[in-house]
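What follows is the residue order along each chain.
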Amino acid sequence: MDKTILHLDLDTFFVSVERRLDSKLLKKPILVGGLSDRGVVAACSYETRGYGVHSGMPMKMAKELCPEAIQIRGNAGTYSQFSDVVTDIIKESVPLFEKSSIDEFYADLTGMDRFFGAYKYASELRHKIIRETGLPISFGLSVNKVVSKVATNEAKPNNQLKIDYGLEKPFLAPLSIKKIPMVGDKTYQTLRNLGLRQVRTIQEMPMDVMQRVLGKNGRVIWKRANGIDHSPVVPFCDRKSISTERTFDHDTIDVVKLKGILIAMTENLAYQLRRGEKLTACITVKIRYSDFNTYSKQLRIPYTSADHILIPKILELFRVLYNRRLLVRLIGIRFSHLVSGNYQINLFDDTEERLNLYHAMDHIRNRFGEKSVIRASAMGKNTIGRMHNPFDGRPPIVLAHRKQ
C-alpha cells in the first residue's frame, strides 16, 4: 500500500502566539528572540522578510535591516502551552503522529482514503486547529516525509498542498536546491559552485557523482531530490544525549563565575537524568573564546547520574580546557552515551544520608520546580530551564531567548 504522509507546520509560530495574545501586533513587523546584541532571531514575521531578515540571524543585524520591527523576548512556557494544545488536537484526530519540533508534526494517514479521504481529512484537521487555537498552520500531503515537508513550505503562509502519487519528481524539479531538506548554507554553496541551481539538475545526475562530491550526504540529498524517502513516522524518539550552554552578553574571565555556572548546569542536567531514569557514561565541556575559536574535551566515566560525581569531573575538564589568557564567550556541558537505569549506590563512597538527600531534593524539584533547590555556589547563575521531562518522547523545545 502506498504511504500517505501529512506534514503540519505552524506558521511563524512564536510570532503567531504573540499576535494571538496581543492583536495590536497584527500586520506589524515582529522579531522574537534574545534582546541583547548577541541575541538571535528565533522567529520573525513575514513583514520583515522583505528586508532580508530570517530566523537564526543575529538580532543586532535584524534590527539594522528592519529598524521599525518590534522586538519581543518571548516566553518558552507560553509557546509550549500553545504547542501542547495543538498536539492534543492532532493526537485525538490521527492514528499515528510524530512531533518533530515545537511547531512541526508528521502524521501517517495511510489507508484513510478507503474510509474518508486523506486530503479532505487533513483539511478538516487543519481548520479545526485554526478554529480552536487561532493560530495559522500549513500542511503538505504526499507519499513520504521529505516531499510533504517541501510541499508545506511551498504552501505557506496558512495554506495547504497535496502532491499526488507519481508526481513527486515533477513537483520538486523546478525548485531551488536550497529547498531540499538537509541542504544548509555550506552544502548549498558547494552545489552552487558546481553550477547547480534547480533540483532538476540533481535529478538528472548519477547518484555516484553526488556521492563523490558530498560523501554519504550526497547520496541522501540525491534521493531526496528524486522524492525518495522511506523514513517512517516515529511516535517516540529516545534521546542519546542531553546538553545545555550559555552565551554571555559580555565576554568574561571571571573563573569563579564560570565555575558557578558549570556547577548550576551540571546540577540541572543530573536532575534531568534522574527524572528520566537515565545514566551517563560520557561528559563533555565546551568553551568558546572571544575570538570565536571553540574547544571541547570529553571524558568517559562509570555510569552515573549523581551530582557529587559529575560536578568534580566537569570542573576537572574545565581546568584542563580553560586558557586563562583569553576571555570566554560561551560555555556548555553535554552528557552522552545515555542508558536507562537508576543511580547505583557506591559501597565505599556513598552513605544512606546522601541517597536520601538526593531523593528529597528531587521530590521537592518535581513538586515545586527544578530550581527550587540548588547549591549555594550555583545561586544567581541563570541556566536554561526545561518545561518537561526531556526523556518523555517529546522533542526539545527551541527557546525564543536561548541567548542570554
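For clarity, every value in this text was computed on a predicted model and none was experimentally measured.

Enquirer: Hey, could you run me through the overall build of the chain in this one?
Expert: If you tally the helices and strands in the chain, you get 14 helices and 13 strands. Taking all 404 residues of the chain together, the buried fraction comes to 49%. For the chain, restricting intrachain contacts to residue pairs at least 6 apart in sequence, the fraction spanning at least 24 positions comes to 66%. Accessible area of the chain: about 20400 Å², with a carbon and sulfur share of 52%.

Enquirer: Please explain the environment of R20 as it appears in this structure.
Expert: Looking at the secondary structure, you find R20 in helix α1 (residues 13-21). Distance in space between the C-alpha atoms of R20 and T133 is 8.6 Å, their sequence separation being 113 residues.

Enquirer: It is not clear to me how α1 should be interpreted in this structure. Could you clarify?
Expert: Among the 9 residues in α1, 7 count as buried, and that is most of the element. For α1, every residue scored as buried is listed here: F13, F14, V15, S16, V17, E18 and R19. On the buried face of α1, the contacting elements are β1 (5-10), β2 (30-33), β3 (41-44), α2 (46-49), β4 (70-72) and α4 (76-91).

Enquirer: Would you take a moment to explain the sheet that holds strand β7 (residues 137-142) for this structure?
Expert: Each strand in a sheet pairs with another by means of backbone hydrogen bonds, the pair being arranged parallel or else antiparallel. Across the sheet, 5 strands lie side by side as β5-β6-β1-β7-β8; this open sheet has mixed pairing. Each edge of the sheet is formed by a strand with only one pairing partner; in this case those strands are β5 (97-101) and β8 (160-162). Pairwise comparison of adjacent strand axes, ignoring direction, gives a mean angle of 15 degrees for this sheet. Pairing analysis gives 6 bridges linking β1 to β7, with the strands arranged antiparallel. Bridging across to β7, D9 finds its partner in S138. Contacts from helix α5 (residues 118-133) reach β1, β7 and β8 within the one sheet, and its direction differs from that of β7 by about 165 degrees.

Enquirer: Mind showing me how you'd approach the nonpolar core here?
Expert: Soluble globular proteins: nonpolar side chains tend toward being buried together. Counting 32 residues, the largest nonpolar core has L6, L8, F13, V32, I90 and L109 as the members making the most contacts within it. Sorting the residues of this core by element identifies β1, α1, β2, α4, β6 (104-108), α5 and β7 as the ones contributing at least two each. When residues of this core are assigned to their parent elements, the largest contribution, 5 residues, is made by α4. In contact with L109, not counting residues within four places along its chain, are T4, L6, V94, P95, A118, A122 and L141.

Enquirer: What is the right way to read the packing of helix α8 (residues 185-193) against helix α10 (residues 207-214) from this model?
Expert: To characterise two packed helices, one gives the angle between the axes of the helices and the distance between these axes. Packing of α8 against α10 brings their axes to within 11 Å, and their N-to-C directions diverge by 120 degrees. The orientation of α8 with respect to α10, classified from their angle, is oblique. Crossing of α8 over α10 shows right-handed handedness. Residues T187, T190 and L191 of α8 touch α10, and the partners they reach there are M210, V213 and L214. Of the residues assigned to the contact of α8 with α10, the class counts are 4 nonpolar, 2 polar and no charged.

The rules behind the values
All residue numbers refer to positions counted from 1 along the written sequence of the respective chain. It should be noted that, the model being predicted, local features are given only for residues of pLDDT at least 70 and side-chain atom pairs only at 80 or more, the latter also being counted only at that level, while totals for whole chains, interfaces and linings use all residues. To obtain the side-chain values, all non-hydrogen atoms of the structure were used and water was disregarded. For helices the rule is a DSSP run of H or I covering at least 4 residues; for strands it is a run of E covering at least 2, with both sets numbered from the N terminus onward. Each residue is placed in one exposure class: buried if its accessible area under a 1.4 Å probe, protein chains only, is under 20% of its type's maximum, exposed if it is over 50%, and partly exposed if it falls in between. Pairs of residues are marked as contacts when any of their non-hydrogen atoms sit within 4.5 Å. Surface accessibility in these figures is a Shrake-Rupley result with a 1.4 Å probe; residues are shielded only by whichever protein chains are displayed. Note on pairing: two strands pair once DSSP finds at least 2 bridges between them. Interaxial angle, 0 to 180 degrees, is taken between N-to-C directions of lines fitted to C-alpha atoms, where a helix line uses only the stretch in contact. Residues belong to a common nonpolar core when they are buried Ala, Val, Leu, Ile, Met, Phe, Trp, Tyr or Cys residues joined through side-chain atoms within 4.5 Å. What sets the label is the angle itself: under 35 degrees gives roughly parallel, over 145 gives roughly antiparallel, 65 to 115 gives roughly perpendicular, and the rest give oblique. Handedness of each helix crossing follows the sense of rotation of the near helix against the far helix: counterclockwise by less than a right angle gives left-handed, clockwise gives right-handed. Following the grouping adopted for this structure description, the nonpolar residues are Ala, Val, Leu, Ile, Met, Phe, Trp, Tyr, Cys and Pro, the charged ones are Asp, Glu, Lys and Arg, and the polar ones are all others, Gly among them.

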